[in-house]
Amino acid sequence: MMELALPAEFRANEFPSASREQWRELVDAVLRKTGASFDSLVTKTYDGIELQPLYTLDDALPAYALVPAKQGWDVRQRHSVPDPVAIMNDLEGGVTSLWLALPASSLERVLDGVYLDLAPIVLDGDVEAARTMLRIYDQAPLLATEVRGNLALVPSGEALDVIRQAVEQFPGLRTVVVDALPFHDAGGSDAEELGASLALAVSYLRALTDAGLGVEQAFAQLEFRYAATADQFTTIAKLRAARRLFARVAEVSGVDVPQVQHAVTSSAMMTRRDPWVNMLRTTVACLSAGLGGADSVTVQPFDAAIGLPDEFARRVARNTQNLLLEESHLGEVIDPAAGSWYVEKLTDALAGEAWSWFQEIERAGGLPAAREVVASRIAATWEKRSARLADRSDPITGVSEFPNLGEKPVVREPGIDSDSQAPWGDAPPIPSLSSGSDSFGLPRVRYAQAFEELRDLADAQPERPQVFLATLGPVAAHTARATFAANLFNAGGFATPNAGPTKSPEDVAEQFKASGAKIAVLCGSDTSYADQAVPTVEALRKAGAQRVLLAGKKSDAQVDGFVYMGCPALEILNSTYDFLAIKKSQGVER
């Protein structure tokens, strides 16, 4: 083989190594010119973990090889309607296991023709359904050792009898799901989801061993269910941290049983508006779950927040996984994030925060006794998250950012898990994907819900409410702020007609009067504001403007408020509706 040698000046190892301090000095020099500081590059998660702009070998941590050697992951689709055709379509289209939230009476019918040795069944925590499933397994032409899946029971009361029966009959069948989705769906942070799920697992282990199961038998019953979000690296780190946390509990208990993970794309991140963007969110979430080492993944259909998904949505959901597995080959590398300084550091930090939170719950009596402690802390996190959603620090594409007022509503039949209204309800449907009864009374939220309620309100009016963009000067002078203002008010459902290129305050006022609007937003450059803001505001008020805002942070003009990057967007939108005397009770009638 011929070896090509590069000249010395092109060899990377000929360059002197730069230190973190040298990099910091260069970055500081650039930031000083913009008036920013280095701290502006450091972000914090809802767990208080600082994310640095640069990670180097100095941040290296020992890698934890906790991911089992396996080929890919289990493609798991959920069904809450007893439709044998939809189930067979999924199985023929690449789904490898079924998650059935169905009544016991429908199980035999929907599973007719399903090869149970090839397609494990996961139930949804109903005792009667679990009894029925055991009977189906017993009557099927299967060896007891071939039975896989999970009954997803909460280990208490009569469910313990079913669990003991399952353990005796089918040693490979799991019976309990440690469901972390309620903690995530209530707006909780990643560490809160992890810590609370660990406390829940410990409470289940205590119940199982008290019921007579051995410690190793009890551990072997558990499967953990976590939310996967569009925050790629955090999802990867969360699943890696979860295995480390469970391994510690197993070690203290004297067993060596690896954690089994089922990742479900987040319900909280799903939107009803511009739902097609959900395809992108769930693709990133699925990729993250796969890279994080999940044993099985459920991709929710893009229309899941609206109602009952149709066949197209189901096909896209399963093919998202098929593409990542078969074409992108994501399942062929064990723990691909291992060794990444950023991911290893984040994994370690999440594990530490989650363990501290787990210990706090245990000190409060463990779950379910500490449910008030858990609910209070998650509510506080949701309040912080809501504030960042409200000022669009946490943007939602297609809803709080880049909304499309001309989109055609996606209409779906209400599903068992939703209270959807067609075409858009005034109460957002929120799927409940939690097993059994251990949701602890936590609320279910969606990040987009506050903005979507305003969109519903706008759509319900005889004429769409509008905010006029009073653009100053040529397009080049006002386009940046006009685009920003339009984006903001569109997020609340307002139409935003604009004056276009203008030469004088009178031009702007004339266009405003013709629009029929009551509210105007000045949009221009700092230079045009200095020359034209005051006379334009006066002209607008003479033309009938009842409220005048300015896109920017300051002006000599007597305006009624300002809109700018980082402003309290949701508060401004709500106050605009209040000013126009449009109340939420004027939304779609039920």
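Small disclaimer: the values here were computed from a predicted structure and weren't measured. (Residues numbered from 1 in each chain as written. Predicted model: local features only at pLDDT ≥ 70, side-chain atom pairs only at ≥ 80, totals over all residues. Heavy atoms only, no water.)

### Things to note about the overall build of the protein
Here is step 1 of the chain: When its secondary structure is counted, the protein shows 18 helices and 14 strands.
Here is step 2 of the chain: For 590 residues, the compact-globule estimate of 2.2 N^0.38 gives 25 Å, and the C-alpha radius of gyration of the protein, at 28 Å, lies within 12% of that figure.
Here is step 3 of the chain: Taken along the three principal axes of its C-alpha coordinates, the protein extends 85 × 70 × 55 Å.
Here is step 4 of the chain: Pairs at least 24 apart in sequence give 72% of the contacts found in the protein among residues at least 6 apart.
Here is step 5 of the chain: When the 54 basic and 78 acidic side-chain charges of the protein are each reduced to a single mean position, those positions are 5 Å apart. (Helix = DSSP H or I, 4+ residues; strand = E, 2+ residues; numbered from the N terminus. Rg over C-alpha atoms; globule rule 2.2 N^0.38 Å. Contact = heavy atoms within 4.5 Å. Lys, Arg positive; Asp, Glu negative; His and termini not counted. Charge placed at Lys NZ, Arg CZ, Asp CG, Glu CD.)

### Structural notes on the packing of aromatic side chains
Here is step 1 of the chain: A complete count under the given rule lists 14 aromatic pairs for this structure.
Here is step 2 of the chain: When the ring of F224 is compared with that of Y226, the centres are 6.1 Å apart and the planes differ by 15 degrees; the resulting orientation is stacked. You'll find F224 and Y226 in the same group, each marked buried.
Here is step 3 of the chain: On the basis of an interplanar angle of 75 degrees and a centroid distance of 6.1 Å, the ring pair of F302 and F312 is categorised as edge-to-face. One end of the pair, F302, is in the loop between strand 10 (296-298) and helix 11 (311-327); the other, F312, is in helix 11, with 10 residues separating them in the sequence.
Here is step 4 of the chain: The partly exposed category is assigned to F312, whose relative accessible area is 38%.
Here is step 5 of the chain: Counting every residue linked through ring pairs, the aromatic cluster contains F219, F224, Y226 and F246. (Phe/Tyr/Trp six-rings, centres within 6.5 Å; stacked < 30°, edge-to-face > 60°. Buried < 20%, exposed > 50% of the residue type's maximum accessible area, 1.4 Å probe, protein only.)

### A few points about the pattern of salt bridges
Here is step 1 of the chain: The full count for this structure, using the stated rule, is 36 salt bridges.
Here is step 2 of the chain: Among the ionic pairs, D59 bridges to R20, the shortest N-O distance being 2.7 Å. Residue D59 is located in the loop between strand 2 (50-51) and strand 3 (74-79), and its partner R20 is located in helix 1 (residues 20-34); the two are separated by 39 residues in the primary sequence.
Here is step 3 of the chain: D59 is paired through a salt bridge with K345; the nearest N and O atoms lie 4.0 Å apart. Placement of D59 in the loop between strand 2 and strand 3 and of K345 in helix 12 (residues 341-363) is noted, with a sequence separation of 286 residues between them.
Here is step 4 of the chain: For K345, a relative accessible area of 34% gives the class partly exposed. (Salt bridge = Lys/Arg side-chain N within 4 Å of Asp/Glu carboxyl O.)

### Details of the pairing of strand 3
Here is step 1 of the chain: Among the six residues of strand 3, six are classified as buried, and the element is accordingly described as predominantly covered.
Here is step 2 of the chain: What you see with strand 3 is no split at all: D74, R76 and R78 on one side and V75, Q77 and H79 on the other are buried throughout.
Here is step 3 of the chain: Summarising the sheet, strand 3 and strand 10 pair through two bridges and their orientation is parallel. Bridging across to strand 10, V75 finds its partner in V297.
Here is step 4 of the chain: Relative to strand 4 (residues 97-100), strand 3 is paired through four bridges, and the arrangement is parallel. The partner of R76 across the bridge, within strand 4, is S97.
Here is step 5 of the chain: Where the polypeptide runs from strand 3 across helix 2 (residues 84-92) and back to strand 4, its parallel neighbour, the crossover connection is right-handed. (Pairing = 2+ DSSP bridges. Right-handed = clockwise from strand over helix to strand, strands pointing away.)

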